2 protein chains.
Amino acid sequence: MKSDKLRITSQRDVILDELRAAKVHPTADELYEQVRRRLPRVSLATVYRNLEWLSEQGLARKIEVGGRQKRFDGDISDHYHVRCHKCGRVADVEMDLLDGVEDRIAQCCGFTVTGHRIEFTGLCPACSNGSAC
Amino acid sequence: MKSDKLRITSQRDVILDELRAAKVHPTADELYEQVRRRLPRVSLATVYRNLEWLSEQGLARKIEVGGRQKRFDGDISDHYHVRCHKCGRVADVEMDLLDGVEDRIAQCCGFTVTGHRIEFTGLCPACSNGSAC
DNA sequence: TCAGTAATGATAATAGTTATCATATAAATG
DNA sequence: CATTTATATGATAACTATTATCATTACTGA
Ligand SMILES: [Mn+2]
Ligand SMILES: [Mn+2]
Ligand SMILES: [Zn+2]
Ligand SMILES: [Zn+2]
């Protein structure tokens, strides 16, 4: 009988490792550049594929913020983000989760509400003081 | 002396009118289909251009929710949204805005925080009861 | 009526992501 | 350890949503 277990490849290993090491919330291509340093023959498709896979496995998070590109987070704990509307940089926000807020709005729209996400917007330190991002 | 006033064209007029009439938060191509009924020769580019323009003028809002496509809102009042993670539908949430929440996190990340956005997620009525969206 | 300029429609280009497919490789089996 | 086989990979094509280009159209004011 064949196993249906998924494999741990060196690519997966390095991708998750680099994602966790990144202080920023990298886009797929930003992470690709990092991973390339350790695996020069890696494909961008592999990075995309595994970011998707890691998210499905609950080992990483796809954070849906505004902006064209998706960003990823190696920190799977529930937390909020702030995004710079000038350069797109995303940082963590140290704020307690709003508790029970989903129940408060559960009735009014007919939706079955299961979660919420707060995205603060503003200017990052670099963009605040006129310097190029 | 030449005027630098911007023109109200019939396309603009109809686009804003249809956007305001839409109960959903349409994507550009959804709105394009609506506008086409009244202006059969309209171009999709014109819809994109004017949705952008209307947003800049403060006559409409570009709502940055998750999902691939941008959505637009003819209701320019500040309010939160809930998005169906199955079909992408977006509805308004009847909840008072969180007050002073931006100040509470202003220090912790170095960002100059100027706004926030809450996106609730869940299942819309149609997706809740097994029926096709 | 005319000149000047902004907007339009058609379409090309771009960006980001996903799909395809031949080859490589991890892990189960013997 | 060698064999088998399903999964993962790398290269690249295809796709989707959006933005840019540009010749033409049509407001607007003189
Ligand atoms: Mn984070
Ligand atoms: Mn709305
Ligand atoms: Zn910035
Ligand atoms: Zn739905």
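Up top you'll find the structure we're talking about.
Residues numbered from 1 in each chain as written. Chains lettered and ligands numbered in written order. Predicted model: local features only at pLDDT ≥ 70, side-chain atom pairs only at ≥ 80, totals over all residues. Heavy atoms only, no water.

**Q** Honestly, the protein's contact with DNA strand D in this entry has me stumped. Any pointers?
**A** Around DNA strand D there are 19 residues in total, and Arg7, Thr9 and Thr46 of chain A together with Tyr48 and Lys70 of chain B lie nearest to it. Sugar and phosphate atoms represent 66% of those atoms of DNA strand D found within 4 Å of the protein. Measuring from a phosphate oxygen of DNA strand D, one finds a side-chain N or O atom of Arg12 of chain A at 3.0 Å. Among the secondary structure elements, those contributing two or more residues to the surface near DNA strand D are α1 (10–21) and α3 (44–56) of chain A together with α3 (44–57) of chain B. With 4 residues, α3 of chain A is the single largest residue contributor to the surface near DNA strand D. Across the surface near DNA strand D, the residue classes break down as 5 nonpolar, 6 polar and 8 charged. (Near = heavy atom within 4 Å. Polar contact = N/O pair within 3.5 Å; in protein donor to acceptor, adjacent residues only side chain to side chain. Helix = DSSP H or I, 4+ residues; strand = E, 2+ residues; numbered from the N terminus. Nonpolar A, V, L, I, M, F, W, Y, C, P; charged D, E, K, R; others polar.)

**Q** Where do I start with the pattern of salt bridges in this structure?
**A** Applying the stated criterion across every chain, the model contains 18 salt bridges over all chains. Arg83 of chain B serves as the salt-bridge partner of Glu119 of chain B, at 2.5 Å between the closest nitrogen and oxygen. On the criterion of sequence distance, the pair formed by Glu119 of chain B in strand β5 (residues 112–123) and Arg83 of chain B in strand β3 (residues 80–84) is long-range, its members being 36 residues apart. The same class applies to Glu119 of chain B as to Arg83 of chain B, namely buried. Several salt bridges share partner residues, and in doing so they unite Glu64, Arg83, Arg117 and Glu119 of chain A together with Glu64, Arg83, Arg117 and Glu119 of chain B into one network. (Salt bridge = Lys/Arg side-chain N within 4 Å of Asp/Glu carboxyl O. Buried < 20%, exposed > 50% of the residue type's maximum accessible area, 1.4 Å probe, protein only.)

**Q** Please clarify how the sheet that holds strand β5 (residues 112–123) of chain A should be interpreted in this entry.
**A** Strands pair in a sheet through their backbones, by hydrogen bonds, and they do so in one of two ways: parallel or antiparallel. Taken together, the 6 strands give an open sheet; going across it, the order is β4(A)-β3(A)-β5(A)-β5(B)-β3(B)-β4(B), and neighbouring strands pair in mixed fashion. Strand pairing shows two members of the sheet lacking a second neighbour, β4 (90–93) of chain A together with β4 (90–93) of chain B, which therefore form its edges. Strand-to-strand twist of the sheet, defined as the mean angle between neighbouring strand axes without regard to direction, takes the value 30°. Bridge count for strand β3 (residues 80–84) of chain A against β4 of chain A is 4 bridges, and the pairing is antiparallel. By the bridge assignment, Tyr80 of chain A is partnered in β4 of chain A with Val93 of chain A. (Pairing = 2+ DSSP bridges. Axes fitted to C-alpha atoms, helices over the stretch in contact; angles between N-to-C directions.)

**Q** In this structure, what is going on with the coordination of the zinc ion (ligand 3)? I would like to understand it.
**A** When a metal holds four donors in a tetrahedron, each ideal angle between them is 109.5 degrees; when it holds six in an octahedron, the ideal angles are 90 or 180 degrees. Residue and element names in this part refer to chain A. Of the protein atoms, only Cys84 (SG), Cys87 (SG), Cys124 (SG) and Cys127 (SG) coordinate the zinc ion (ligand 3), at distances of 2.3 Å. Around the zinc ion (ligand 3), the 4 donor atoms are arranged such that angles at the metal cover 106 to 114°; this shape is classified as tetrahedral. When the donors of the zinc ion (ligand 3) are listed by position in the chain, the intervening gaps give C-x2-C-x36-C-x2-C. With Cys87 in the loop between β3 and β4 and Cys124 in the loop between β5 and α5 (125–128), this residue pair connects regions lying 37 residues apart in the sequence. Looking at Cys87, the relative accessible area reads 28%, which means it is partly exposed. (Donors = N, O, S within 2.8 Å, 3.2 Å for Na, K, Ca; no water. Tetrahedral: all angles 85-135°; square planar, octahedral: opposite > 155°, others 65-115°.)

**Q** Got a minute to help me understand the interface of chain B and chain A in this structure?
**A** Interface size, as often reported, equals the accessible area lost upon joining of the parts. Residue-level contacts link 37 residues of chain B with 37 residues of chain A. Counting the surface lost from both chain B and chain A, the interface buries some 2800 Å², and carbon and sulfur atoms represent 62% of this. For the pair chain B and chain A, the interface holds 4 salt bridges. Across the pair Glu64 of chain B and Arg83 of chain A runs a salt bridge whose closest N-O atoms are separated by 3.3 Å. Counting every contact that joins chain B to chain A gives 14 residue pairs in polar contact (both at pLDDT 80 or more). Within the residue set of the side of chain B that touches chain A, elements represented by two or more residues are β3, β4, α4 (101–104), β5 and α5 (125–128) of chain B. The leading source of residues in the side of chain B that touches chain A is β5 of chain B, at 12 residues. Its residues assigned to classes, the side of chain B that touches chain A shows 17 nonpolar, 11 polar and 9 charged. (Contact = heavy atoms within 4.5 Å. Buried area = accessible area lost by both parts, 1.4 Å probe.)

**Q** Can you help me understand the coordination of the zinc ion (ligand 4) in this one?
**A** Residue and element names in this part refer to chain B. Only Cys84 (SG), Cys87 (SG), Cys124 (SG) and Cys127 (SG) from the protein coordinate the zinc ion (ligand 4), and they sit 2.3 Å from it. Classification of the site at the zinc ion (ligand 4) rests on its 4 donor atoms, whose angles at the metal span 107 to 114°, yielding the label tetrahedral. Mapped onto the polypeptide sequence, the residues donating to the zinc ion (ligand 4) form the spacing pattern C-x2-C-x36-C-x2-C. Relative accessible area serves as the criterion here: at 1%, Cys124 is assigned to the buried category.

**Q** Any chance you could explain the environment of Trp53 of chain A here in plain terms?
**A** Residue and element names in this part refer to chain A. Within the secondary structure, Trp53 sits in helix α3. On the basis of relative accessibility, which here comes to 14%, the residue Trp53 falls in the buried class. For the pair Trp53 and Arg68, spaced 15 residues apart in the sequence, the C-alpha separation amounts to 21 Å. If near-sequence neighbours (up to four positions away) are discounted, Trp53 is found in contact with Leu6, Arg12 and Leu59.

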